[in-house]
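Structure at a glance
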Amino acid sequence: MISMIALDLDGTLLRSDGSISEETIDKLERLHEKGIVVVVATGRSYIGLPQNIRCLSFVDYLISSNGTTVTRWDDNSIIYREWMPKDLSYLIFKECSNLDIIIDTLVDGTWHIDAHKYKKYNFILNNNVKKYIEKTRVMEDDYDFFLNTLNKGTEKIVMNFDPSNEIIKNKISYLSQCYPVNIWSDKKHKLDIISEKASKGNALKWLANFLKIEVDTIIAFGNDDNDISMMKEVGIPVAVSNATGSLKDSTKYTTVSNDQDGVLQYLRKVSTLTSQKE
């Protein structure tokens, strides 16, 4: 008996072109109508959700920024947060301020980027990413002052960098060993830094407890290493076939790839999907 479905987005629910099939939407809508709670669990922030996700009516909750925040879908009200203390964010900035990186910080749903670093190093980004950043970020001319005078914690810090730079890679390793943070990289040019207590798994476990749902009745779908903590917390962990080896090793079940609508195909196979309310 299934009470909740947790869905990673990129590489899992979303196809490679960012779309979702109408059949997948219809299936999730029908399961939601039966009383099953649907949760989006993503590394993206709320502001970074694509429009075709924002308009979905069957979602109940959002776990965003790799587990730092849980919000109600209908009104975007925050019900859980595990953010980095402002002092920690400032220390991380100071550790990296002399590196060839672009620093971006999410505070209360708004992105703030180091304007000087962005202008100097934005050549590492493609044009679509640059357009998106320039549309959605507050450009901070004095980033030291901005972080040093914050009166609240930060949801996450994002750093864009040249992945061939060994000095930066060594610094990342140092940060993960010496500071109470979790660091996740897209293995390209971007990494996320969040509180060491934050993960998709911890957020999902908290939400299940909040809703009085047994974790054994939760099915979760994922494709990347930032989904591993979530897979360890649920009764039915499912990896799409395009998932990383580490993610597959942490799951009991697999389905076809995201481009083959793996979420839909697995849900079709499960014949016992019924709500606890039934």
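Preceding this section is the structure that the text describes.
Structure report, in brief. (Residues numbered from 1 in each chain as written. Predicted model: local features only at pLDDT ≥ 70, side-chain atom pairs only at ≥ 80, totals over all residues. Heavy atoms only, no water.)

1. Notes on the sheet that holds strand β5 (residues 78-81)
In spatial order, the strands read β5-β4-β3-β2-β1-β12-β13-β14; together these eight strands make up an open sheet with mixed pairing. In the strand order of this sheet, the two ends are held by β5 and β14 (253-255), each with one partner. Neighbouring strand axes in the sheet, compared pairwise and without regard to direction, differ in orientation by 20° on average. Bridge count for strand β4 (residues 69-72) against β5 is three bridges, and the pairing is antiparallel. Note on β5: the bridge partner recorded for Thr71 is Ile78. (Pairing = 2+ DSSP bridges. Helix = DSSP H or I, 4+ residues; strand = E, 2+ residues; numbered from the N terminus. Axes fitted to C-alpha atoms, helices over the stretch in contact; angles between N-to-C directions.)

2. Considerations on the pairing of strand β6 (residues 101-107)
A regular strand places its side chains so that they alternate between the two faces of the sheet. Here β6 lies mainly inside the structure; seven of its seven residues are buried. The two faces of β6 match: Ile101, Ile103, Thr105 and Val107 on one face and Ile102, Asp104 and Leu106 on the other face are all buried. Where β6 meets strand β9 (residues 156-161), six bridges bridge the pair, whose relative direction is antiparallel. Note on β9: the bridge partner recorded for Asp104 is Val158. Looking at chain direction, β6 and strand β7 (residues 110-114) are connected through four bridges and run antiparallel. Bridging across to β7, Val107 finds its partner in Thr110. With antiparallel pairing between neighbouring strands as the criterion, β6 and β7 make up a hairpin whose turn holds two residues, including Asp108 at a positive phi of roughly 50°. (Buried < 20%, exposed > 50% of the residue type's maximum accessible area, 1.4 Å probe, protein only.)

3. Overview of the pairing of β9
Burial of β9 is extensive: six of the six residues sit out of reach of the surface. Taking every second residue as pointing to the same face, both faces of β9 are buried, with Lys156, Val158 and Asn160 on one and Ile157, Met159 and Phe161 on the other. With four bridges connecting them, β9 and strand β11 (residues 190-195) associate as antiparallel partners. Across the sheet, residue Ile157 finds its bridge partner in β11, namely Ile193.

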